[in-house]
Amino acid sequence: MSGDATRILVLNCGSSSVKYRLYAGRDAVAGGTVERIGESGGGPANHEMALREVLAGLDLTGLTAVGHRVVHGGTLFAAPVLVDDAVVAAIQDLIPLAPLHNPANLAGIEVARQLLPDVPQVAVFDTAFHRTIPEAGATYAIDLAVAERFGIRRYGFHGTSHAYVSRRTAALLDRPYEEINTISLHLGNGASACAVAGGRSVATSMGMSPLEGLVMGTRSGDLDPTIIFHLRREGGFAVDDIDDLLNYRSGLVGMTGDNDMRAVLRRRAEGEAAASLAFDVYSRRIKGYVGAYYALLGRVDAITFTAGIGEKSPEIRAASLAGLERLGIAVDPQRNAGSGDRVISPPEAEIAVCVVATDEELEIVEETVAVLEHRQLPAGTTQPVPEPERPKALS
Ligand code: ADP
């Protein structure tokens, strides 16, 4: 990245929290989280109050830009964009697709524009990296007219992480990013897999929403939609209750009562059956996606683990890739037990298995600077979209 003199504020406004980090060049010089926004008992009343509080506590002299994390860019945004009124309107139009996230992201953008009117604001979308997924990978096999009308398609999420991690993997292996195929496994509270061919996302496990795909801390990931009809018809569940069940009371927490993988690992080591089953369900799902993405990519150069669990759990890494030696995939126990960004496959392995610490904030900084300089990051991120069309289905 050019210009170590840049000062970028990264804002990640969630429904009840604001995470912020101020960067000088690539160095984080300040940061923190304001929580419990809008909750009774202590937190700031709304995002505006929270942001005022954040900005008042920071030295913003010479601020170059603000980079905002925005969860849903729909089909409109294939790259980060400079925020203007049209972009704000487009993010607003996408609220039905991300009712929890986009309103909070938008509040952050609007307050920052108001409080810092002379500072360029850049929106960086979680979905943008996945706009290169071919139609066959983005289309759900339902009535296409219904799908079109309601914006039903695979958008994918965690794009900033998958972009950052796949690029870092190329650097770690000293290979050109444009030439390698990788499978990245982002295993945090949310979790997703992504197949990246030559710097472009070609498949990802999260779909229209972050619910699909891998098993997560509180989300089920893949399941048979009939489960929803069954709970509705036979169980008398309301739609909102099912939404709550699948998004907040499933996954690790649903199977064990704990959404923290550390607790699951400890309980499994103590021989508890539910924890052991949850571990197996979790790692078997990952293995299935690795196999599927291997087949889609045709050739895999690297498999990279990232985020809390991916970076810190040798047990999950080993179990997820166990028995895949015939595919050229193996994990070296000693390397797996180490720390830091590294290759954990044996030296002779055909496919490099890697651990790379993700840094979504730094990726937002780099993408923000790239937008200001009117250039693209290598591969992956595509052309900035100047004048977004309002989505017909949603307006
Ligand atoms: P988020 O998705 O909220 O950014 P993280 O990427 O930090 O979250 O991942 C959170 C997950 O990482 C939790 O399930 C937590 O239990 C897990 N985790 C953190 N440290 C360890 C560890 N040492 N071993 C196993 N899992 C860990």
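Definitions and limits used
Residues numbered from 1 in each chain as written. Predicted model: local features only at pLDDT ≥ 70, side-chain atom pairs only at ≥ 80, totals over all residues. Heavy atoms only, no water. Pairing = 2+ DSSP bridges. Helix = DSSP H or I, 4+ residues; strand = E, 2+ residues; numbered from the N terminus. Phe/Tyr/Trp six-rings, centres within 6.5 Å; stacked < 30°, edge-to-face > 60°. Buried < 20%, exposed > 50% of the residue type's maximum accessible area, 1.4 Å probe, protein only. Disulfide = S-S within 2.5 Å. Axes fitted to C-alpha atoms, helices over the stretch in contact; angles between N-to-C directions. Parallel < 35°, antiparallel > 145°, perpendicular 65-115°, else oblique. Left-handed = near helix turned anticlockwise from the far one by under 90°. Contact = heavy atoms within 4.5 Å. Core = buried A, V, L, I, M, F, W, Y, C linked by side-chain atoms within 4.5 Å. Nonpolar A, V, L, I, M, F, W, Y, C, P; charged D, E, K, R; others polar. Salt bridge = Lys/Arg side-chain N within 4 Å of Asp/Glu carboxyl O. Patch = residues over 30% accessible without salt bridge, like charges linked within 9 Å, V, L, I, M, F, W, Y side chains within 5 Å. Areas by Shrake-Rupley, 256 points an atom, 1.4 Å probe, with all protein chains shown as cover. Near = heavy atom within 4 Å. Polar contact = N/O pair within 3.5 Å; in protein donor to acceptor, adjacent residues only side chain to side chain.

Caption draft 1: Main features of the pairing of strand β9 (residues 200–204). Here strand β8 (residues 191–197) pairs with β9 via four bridges, running antiparallel. Across the sheet, alanine 195 pairs through a bridge with alanine 203, a residue of β9. Hairpin connection from β8 to β9: two residues lie between these consecutive antiparallel strands, with glycine 198 at a positive phi of about 55 degrees.

Caption draft 2: Region of the structure containing the packing of aromatic side chains. Evaluated as defined, the whole model comprises two aromatic pairs. Residues phenylalanine 77 and phenylalanine 125 carry aromatic rings whose centres are separated by 4.2 Å and whose planes lie at 10 degrees to one another, so their mutual orientation is stacked. In this pair, phenylalanine 77 sits in the loop between β4 (65–70) and β5 (81–82) while phenylalanine 125 sits in strand β6 (residues 121–125), placing the two residues 48 residues apart along the sequence. One exposure class covers both phenylalanine 77 and phenylalanine 125, and it is buried.

Caption draft 3: Structural detail: the state of the cysteines. Summed over all chains, the structure comprises zero disulfides. Looking at cysteine 194, it has no disulfide partner, and the nearest cysteine sulfur is the one in cysteine 354, 15 Å off. The class for cysteine 194 is buried, based on a relative accessible area of 0%.

Caption draft 4: Looking closely at the packing of helix α10 (residues 261–269) against helix α11 (residues 273–297). For the pair α10 and α11, interaxial distance at closest approach is 8 Å and the crossing angle is 120 degrees. Between α10 and α11, the interaxial angle falls into the category oblique. Along this stretch, α10 crosses α11, giving a crossing that reads as left-handed. Residues Met261, Val264, Leu265, Arg267 and Arg268 of α10 form the contact with α11, whose own contacting residues are Ala275, Ser276, Ala278, Phe279 and Tyr282.

Caption draft 5: Structural view of the nonpolar core. By size, the foremost hydrophobic cluster in this structure holds 56 residues, and its most contacted members are Leu185, Leu187, Tyr282, Val290, Ile303 and Ile329. No other element matches α11, which puts 10 residues into this core. With sequence-adjacent residues up to four places away left out, isoleucine 329 is seen in contact with Val290, Tyr294, Ile303, Leu321, Leu324, Ile351 and Val353. Of all hydrophobic cores here, the second largest spans 20 residues; its members include Cys13, Val18, Ala50 and Leu116.

Caption draft 6: Molecular detail of the sheet that holds strand β7 (residues 181–187). Strand order in the open sheet formed by six strands is β9-β8-β7-β10-β12-β11, with mixed pairing between adjacent strands. Only two strands of the sheet have a single neighbouring strand rather than two, namely β9 and β11 (342–343). In the packing of α11 onto the sheet, contacts are made with β7, β8, β9 and β10 (302–306), and the angle to β7 comes to roughly 160 degrees.

Caption draft 7: Here's a closer look at the sheet that holds β4. Spatially, six strands are ordered β3-β2-β1-β4-β6-β5 in an open sheet, and the strand pairing comes out mixed. In the strand order of this sheet, the two ends are held by β3 (27–34) and β5, each with one partner. As paired elements, β4 and β6 share five bridges and run parallel to each other. Opposite valine 70, over in β6, you have phenylalanine 125 as the bridge partner. Helix-sheet contacts for helix α3 (residues 102–115) involve β1 (7–13), β4 and β6, and the interaxial angle to β4 is about 170 degrees.

Caption draft 8: Looking closely at the packing of helix α7 (residues 226–233) against helix α8 (residues 239–248). The contact between α7 and α8 brings their axes to 10 Å, and the two run at 130 degrees. The angle between the axes of α7 and α8 places the two elements in the oblique class. Classified by chirality, the crossing of α8 by α7 is right-handed. Judged by residue contacts, Ile228, Leu231 and Arg232 of α7 engage Val239, Ile242, Leu245 and Leu246 from α8. Here the residues of the contact of α7 with α8 sort into six nonpolar, no polar and one charged.

Caption draft 9: Summary view of the pattern of salt bridges. Evaluation of the coordinates by the stated rule reveals 18 salt bridges. Linking arginine 21 and glutamate 361 is a salt bridge whose minimum nitrogen-to-oxygen distance equals 3.8 Å. Pair noted here: arginine 21 is in strand β2 (residues 18–24) and glutamate 361 is in helix α15 (residues 360–372), with a separation of 340 residues, a long-range link. Linked through salt bridges whose partners overlap, the residues forming this network are Arg26, Arg167, Glu363 and Glu366.

Caption draft 10: A nonpolar patch on the surface, seen in detail. Taken together, the side chains of Leu223, Ile227, Ile228 and Phe229 present a nonpolar region at the surface, about 290 Å² in accessible area. Its location among the elements puts phenylalanine 229 in helix α7. Phenylalanine 229 sits in the partly exposed class, given a relative accessible area of 39%.

Caption draft 11: How the structure looks around the site of the ligand. If you check the shell around the ligand, you find 13 residues, and the closest are Gly188, Asn189, Asp260, Met261 and Gly308. Isoleucine 309 is positioned such that a nitrogen or oxygen atom in its backbone is 3.4 Å from an oxygen atom of the ligand. Calculation on the ligand without its partners gives an accessible area of 580 Å², and the protein chains cover 68% of this total. Broken down by secondary-structure element, the contributors of at least two residues to the shell around the ligand are α10 and α12 (307–312). The element that contributes the greatest number of residues to the shell around the ligand is α12, accounting for four residues. Grouping the amino acids of the shell around the ligand by side-chain chemistry returns four nonpolar, six polar and three charged.

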